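If you want the building blocks of each chain, they are given just below.
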Amino acid sequence: MNSQDENDAFEAAASLPPASLSARALAARPMPYLDGLNPAQLEAVMTLDGPVLMLAGAGTGKTRALTARIVHLMAERRARANEILAVTFTNKAAREMKDRVARMMGHAAHAQDTGMPWMGTFHSLSVKILRRHAELVGLKPNFTILDTDDQLRLLKQLIAAENIDDKRWPARMLAGFIDHWKNRAWTPGKVPSSEAGAYNNRGTELYAQYQERLRSLNAVDFGDLLLHCVTIFRAHGDVLAQYQRWFRYILVDEYQDTNVAQYLWLRLLAQGHQNICCVGDDDQSIYGWRGAEVGNILKFEKDFPGARVIRLEQNYRSTPHILAAASGVIAANAARLGKTLWTEAEEGEKVRLIGHWDGEEEARWIGEEIEAISRGTRGWDPVGLNRQAILVRASHQMRAFEDRFLTIGLPYRVIGGPRFYERQEIRDAMAYFRLAVSPDDDLAFERVVNTPKRGLGDKAVQRIQTEARAVGMSLLEGARSLLAGGGLTGKGAGQLRQFVEGVDRWHGAVAQTRPAPAEAVIEPMFPDTPAANDLSHVRLAEVILEESGYVSMWQNDKTPEAEGRLENLKELVKALEQFDSLQGFLEHVSLVMENDSEDAAEKVSIMTLHAAKGLEFPVVFLPGWEDGLFPSQRSIDESGLKGIEEERRLAYVGITRAEVLCTISFASNRRVYGQWQSQLPSRFIDELPVAHVDVLTSPGLMGGGYGAAAPAGFGGGFGGGFGSGIEERATKADVYNSPGWRRLQDRQAARPAPKPRPQTIDIAADGAWTVGDRVFHVKFGYGHITGIEGDKLDIRFEKAGEKKIVSRFVMPADVPF
DNA sequence: CCTTACTGGCTTTTT
DNA sequence: GCCAGTAAGG
């Protein structure tokens, strides 16, 4: 795409004298991207040389400053586009940055390959680097990137070969250790002896074996992408020097999330010129569990002497009450760089706090709140569903909301849920594609030789493996050799022959659609160019899926999910259109395991707190603030005080996602592993500053009862409790904080096996049912009885269809419960 | 070799 | 309560 005008603008800007901070200089030059920046942001944008640490609190416009800085670097002619490296953690962040830079530069988004800085995730950039120098770590440039699934299968094989009982020493555990070591940039030889006890003393040894195996498979896992780059940079000064010359200015987003390997990666690259600008917020460091080191940001000034530290503290997102609540919580953390967020926003509502009887009631209450808020019946302006979110600590909490929202027909979307590319059918299909692209991909071979069933069980696969090892070749070749030698007979043999021939055919077809994969991958930074002329890799994909029998496998499947799987396969093939080859697609998918189908419909978002980082919503619900759940018990057990501090930062992230209304809630009882458990309110609740919190009367715990609050549209019960008198709020807050309230909780905790508030009425048990009655079921919603059989009812639900339900699970619809 | 029934282990969080 | 992985039966 052409952008001559914009280039002219840059030429014009560049011919002017060098930058200075003086107002006159600013006024004299066309730098619209600086408009509206506050002094701190401006400083962060204009301080181009030397190390800069931008401490950017939540909602302080750091992305704005970051992108302006990139554009400024170019406008000032400090660097050409390809001399700037901007690193993010997530693909989403990278995309957003690209878009915003492009927009600021005046280009259309996704404009062209040239003229844009290097922007990407640590992982995607590492792949590009690694492909160029693969041989330096014993790989070929077309190495494959394994996902966790492949990784686990590989480890299981190693474990089995060592006769280790994987019941007692699960592969996941070993994977955890290896991941941990790679995050610290420890190659097998460099793992310190303090780790020797890992995985029953066998950890390091198996790590070495695993790496060897990866090399022989010409494969890497996620951790390797960083690790290999660091290894290369360290061992080959000439290569490093080349990249140091190339990337003259480096910018890093979310610096607080970097692990040791990433830190080294950056430090090595920035070593010469020291032109590195790291943006981060120590208070939002929430990835310690996957190796992130808050320490990296805390010691930045030590690592880069003379660093300029710039604090962005003006918050443009939230109301003062919300900020104060968040600040109050985070203040309890010890190791902080310290920031004071402030805002010019109007006061708004206090943070609301409410306790519930159990998790289901919590979900019910939140559902009703969301509906009320979206309709504007709450006394505030209506806030659409797209602008409301529920942020949970752990994904299993989502179910309660999904169940409830399904029942009441409230549209929702789960963000970061089960991912498209992690679905079984997608991975199977991808394995076929992988095999077509590189027939020697043993892991792919293993995955699909017997999918669909080809009469090749464990025994047959084992024989193929032995044969492959004997001839020293891939499984495919092993299979070929086995067939040729008549080592396999019967039904399986014929089908295996077909399979092998299929792979050969598909591989031939791939070669025809596109030659020379390895070298071609390196240069284009933004390979997402539209499909090219060739004999359509899209069609080839369809052919593969059909000829392999994979499609018919699902077509013949009678289970209810089969249809959806076929749909997903169609979607997969459609996604291929965006790429110009199968291998390009595979590369993309291995790095971008995401699934954000853009859909415009109004829906409430449900996601984890982790997934919510970087997002904002006018209305935010934070359920499940209970000790053990949040802060999570596991986090406490594994990391003690450090763990709690990280959880607290998570709380901080949660609260600061809210723009105008933030509601925290907890339940006294919750089902854990199907068992009812008493819960205590989270310790973080005690840290909320009372002056900024409204304690709502809980429908289940304090008077009123659920019936008073529920279907009648918030007429009674706690409905009038908020938005009204100030003195009442103070009292309630006091009540909550009083020892008595705690004792109430304690008493509930002491109660044996608490049950959910009864949701059925006893007449149900008496057989007082008549065909045609309208009934309500917690999960399936409303319906009519179409038949009665003892204590089982046939019910036609309005939303969920026909079901047979034991009568005590439903209640008469028209009786207020 | 494939299907079914059962058991046990477990759930943070993800590039 | 759910899934994966295993044991037994077809």
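Residues numbered from 1 in each chain as written. Chains lettered and ligands numbered in written order. Predicted model: local features only at pLDDT ≥ 70, side-chain atom pairs only at ≥ 80, totals over all residues. Heavy atoms only, no water.

Per an unreviewed UniProt entry, chain A goes by the name DNA 3'-5' helicase and belongs to Pseudogemmobacter humi. Listed in UniProt under the heading Sequence similarities (unreviewed entry), the comment for chain A reads: "Belongs to the helicase family. UvrD subfamily." (UniProt positions renumbered as here; feature names shortened; annotations may be inferred.)

Participant: What is the right way to look at the overall build of chain A in this model?
Facilitator: Helix and strand counts for chain A stand at 33 helices and 21 strands. Counting all 817 residues of chain A, 52% fall into the buried class. The contacts of chain A with a sequence gap of at least 6 include a subset with a gap of at least 24, amounting to 76%. Accessible surface, chain A as shown: approximately 36000 Å² in total, 52% of it carbon and sulfur. (Helix = DSSP H or I, 4+ residues; strand = E, 2+ residues; numbered from the N terminus. Buried < 20%, exposed > 50% of the residue type's maximum accessible area, 1.4 Å probe, protein only. Contact = heavy atoms within 4.5 Å. Areas by Shrake-Rupley, 256 points an atom, 1.4 Å probe, with all protein chains shown as cover.)

Participant: Looking at this structure, I do not really get the protein's contact with DNA strand B. What am I missing?
Facilitator: Lining the immediate environment of DNA strand B, one finds 22 residues, of which Arg290, Arg393, Ser395, Arg419 and Arg634 sit closest. When the atoms of DNA strand B within 4 Å of the protein are grouped by moiety, sugar and phosphate amount to 59% of the total. Gly457 places a polar main-chain atom, nitrogen or oxygen, 3.0 Å from a phosphate oxygen of DNA strand B. Where the surface near DNA strand B is concerned, the elements lending two or more residues are helix 20 (458-471) and helix 29 (633-656). The element that contributes the greatest number of residues to the surface near DNA strand B is helix 29, accounting for three residues. Classifying every residue of the surface near DNA strand B by side-chain character gives six nonpolar, nine polar and seven charged. (Near = heavy atom within 4 Å. Polar contact = N/O pair within 3.5 Å; in protein donor to acceptor, adjacent residues only side chain to side chain. Nonpolar A, V, L, I, M, F, W, Y, C, P; charged D, E, K, R; others polar.)

Participant: In this structure, what is going on with unusual backbone geometry? I would like to understand it.
Facilitator: Most of the time, phi is negative for any residue but glycine, and the peptide bond is trans. Here the residue pair Thr451 and Pro452 is connected by a cis peptide bond, since its omega of 0° sits within 30 degrees of zero. Structurally, Pro452 is set in the loop between helix 19 (442-448) and helix 20. Residue Pro631 is reached from Phe630 by a cis peptide bond, and omega for that bond is 5°. Considering the arrangement of structural elements, one finds Pro631 in the loop between strand 13 (617-622) and helix 29.

Participant: Before we go on, may I ask you to explain the nonpolar core in this structure?
Facilitator: Nonpolar side chains in soluble globular proteins tend to end up buried together. Core analysis: the largest hydrophobic core is formed by 72 residues, its most contacted members being Leu85, Ile250, Trp265, Leu266, Leu269 and Ile276. With eight residues, helix 12 (residues 260-270) is the single largest residue contributor to this core. Excluding its chain neighbours within four sequence positions, the residues that come into contact with Leu269 are Leu85, Phe233, Leu240, Tyr243, Gln244, Phe247 and Ile250. In this structure, Ile426, Val449, Leu482 and Ala541 belong to the second largest nonpolar core, which totals 51 residues. (Core = buried A, V, L, I, M, F, W, Y, C linked by side-chain atoms within 4.5 Å.)

Participant: Is there a simple way to explain the sheet that holds strand 2 (residues 84-88) in this structure?
Facilitator: The strands making up a sheet associate through backbone hydrogen bonding, with each pair oriented either parallel or antiparallel. The strand order across the open sheet formed by six strands is 3-2-6-7-1-8, and the pairing between neighbours is parallel. Two strands close off the open sheet at either side, each with one partner strand: strand 3 (118-121) and strand 8 (308-312). For this sheet, the mean angle separating the axes of adjacent strands, direction not counted, is 15°. In terms of strand pairing, strand 1 (residues 52-56) meets strand 8 through five bridges, oriented parallel. (Pairing = 2+ DSSP bridges. Axes fitted to C-alpha atoms, helices over the stretch in contact; angles between N-to-C directions.)

Participant: Explain the packing of aromatic side chains here, please?
Facilitator: Geometry of an aromatic ring pair is reported as the spacing of the ring centres plus the angle between the planes. Tallied over the full model, the rule gives 25 aromatic pairs. Taking the centre distance of 5.3 Å and the plane angle of 75° together, the rings of Phe122 and Trp265 count as edge-to-face. Of this pair, Phe122 sits in helix 6 (residues 122-132) while Trp265 sits in helix 12, and the two are 143 residues apart along the sequence. Taken as a pair, Phe122 and Trp265 share a single burial class, namely buried. Taken together, the aromatic side chains of Tyr432, Phe445, Phe499, Trp506, Tyr550 and Trp554 make up a single cluster linked through ring pairs. Note that Arg290 overlies the ring of Tyr287, its terminal NZ or CZ placed 3.9 Å from the centroid. (Phe/Tyr/Trp six-rings, centres within 6.5 Å; stacked < 30°, edge-to-face > 60°. Lys NZ or Arg CZ within 6 Å of the ring centre and 35° of its normal.)

Participant: Honestly, the packing of helix 18 (residues 424-437) against helix 24 (residues 537-547) in this entry has me stumped. Any pointers?
Facilitator: Angle between the axes and distance between the axes are the two parameters that describe a pair of packed helices. The interhelical angle for the contact between helix 18 and helix 24, taken along N-to-C directions, is 110°, at an axis separation of 10 Å. Classified by the angle between their axes, helix 18 and helix 24 sit roughly perpendicular to one another. Judged by the twist between their axes, the crossing of helix 18 over helix 24 is right-handed. Taking contact as the criterion, the partners of Ala429, Tyr432, Phe433 and Ala436 in helix 18 are, on helix 24, Ala541, Ile544 and Leu545. Counted by class, the contact of helix 18 with helix 24 contains seven nonpolar, no polar and no charged residues. (Parallel < 35°, antiparallel > 145°, perpendicular 65-115°, else oblique. Left-handed = near helix turned anticlockwise from the far one by under 90°.)

Participant: Where do I start with the UniProt feature "binding site: ATP" (unreviewed entry) in chain A in this structure?
Facilitator: Mapped onto the present numbering, the UniProt feature "binding site: ATP" (unreviewed entry) falls at Ala56, Gly57, Ala58, Gly59, Thr60, Gly61, Lys62 and Thr63. One can find Gly61 in the loop between strand 1 and helix 4 (62-75). Beyond its immediate stretch of four places on either side in the chain, Gly61 contacts Gln41 and Leu312. Along the chain, Lys62 falls in helix 4. On the accessibility criterion, Lys62 (18% relative accessible area) is buried. Contacts of Lys62, omitting those with residues within four sequence positions, involve Ala56, Asp253, Glu254, Val279 and Leu312.

Participant: Even after reading the chapter, I still don't get the protein's contact with DNA strand C, so can you show me in this structure?
Facilitator: In the vicinity of DNA strand C, the contacting residues are Lys156, Lys167, Arg399, Arg671, Tyr673 and Gly674. A breakdown of the atoms of DNA strand C within 4 Å of the protein gives sugar and phosphate a share of 56%. At 3.2 Å, a side-chain N or O of Lys156 approaches a phosphate oxygen of DNA strand C. Of the residues belonging to the surface near DNA strand C, the class tally is one nonpolar, one polar and four charged.

Participant: What is the right way to look at the pairing of strand 9 (residues 351-358) in this model?
Facilitator: When a strand is regular, its side chains alternate between the sheet's two faces. Among the eight residues of strand 9, eight are classified as buried, and the element is accordingly described as predominantly covered. Where strand 9 and strand 14 (residues 658-672) come together, six bridges link them in parallel fashion. Among the inter-strand pairings, Ile354 is bridged to a residue of strand 14, identified as Ser665.

Participant: I'm lost on helix 20 in this one. Help?
Facilitator: End to end, helix 20 covers 20 Å across 14 residues, agreeing with the expected 20 Å (1.5 Å per residue, within 8%). Every buried residue of helix 20 is listed here: Ala460, Val461, Ile464 and Ala468. All buried residues of helix 20 lie within an arc of 100° about the axis, which places them on one face of the element. Across from the buried face of helix 20, at angles greater than 90 degrees, the exposed residues are Asp458, Lys459, Gln462, Thr466, Arg469 and Ala470. Those residues of helix 20 hidden inside the fold are in contact with helix 19, helix 21 (475-484) and helix 22 (490-513). Looking one or two places after helix 20, you find Gly472, whose phi comes out positive at around 65°. (Expected span 1.5 Å × (residues − 1). Arc of directions from axis to C-beta.)

Participant: Would you explain the pattern of salt bridges in this entry?
Facilitator: Opposite charge on two side chains makes pairing possible when the charged atoms of those side chains draw close. Counted by the stated rule, this structure contains 45 salt bridges. Note that Arg336 is salt-bridged to Asp283, the shortest N-O span being 2.7 Å. In this pair, Arg336 is assigned in the loop between helix 15 (320-330) and strand 9 and Asp283 in the loop between strand 7 (276-280) and helix 13 (294-298), connecting sequence segments 53 residues apart. By relative accessible area, Asp283 is classed as buried at 1%. For the salt bridge of Glu542 with Arg539, the shortest nitrogen-to-oxygen distance reads 2.7 Å. With Glu542 and Arg539 both in helix 24 and three residues apart, this pair spans about one turn of that helix. (Salt bridge = Lys/Arg side-chain N within 4 Å of Asp/Glu carboxyl O.)

Participant: Could you clarify how one ought to interpret the pairing of strand 2 in this entry?
Facilitator: Taken across its five residues, strand 2 has five buried, putting it largely inside the fold. Here strand 2 shows two buried faces, one formed by Ile84, Ala86 and Thr88 and the other by Leu85 and Val87. As defined by bridge partners, strand 2 adjoins strand 6 (residues 249-252) across four bridges and the pair is classed as parallel. Within the sheet, the bridge partner assigned to Ile84 lies in strand 6 and is Tyr249.

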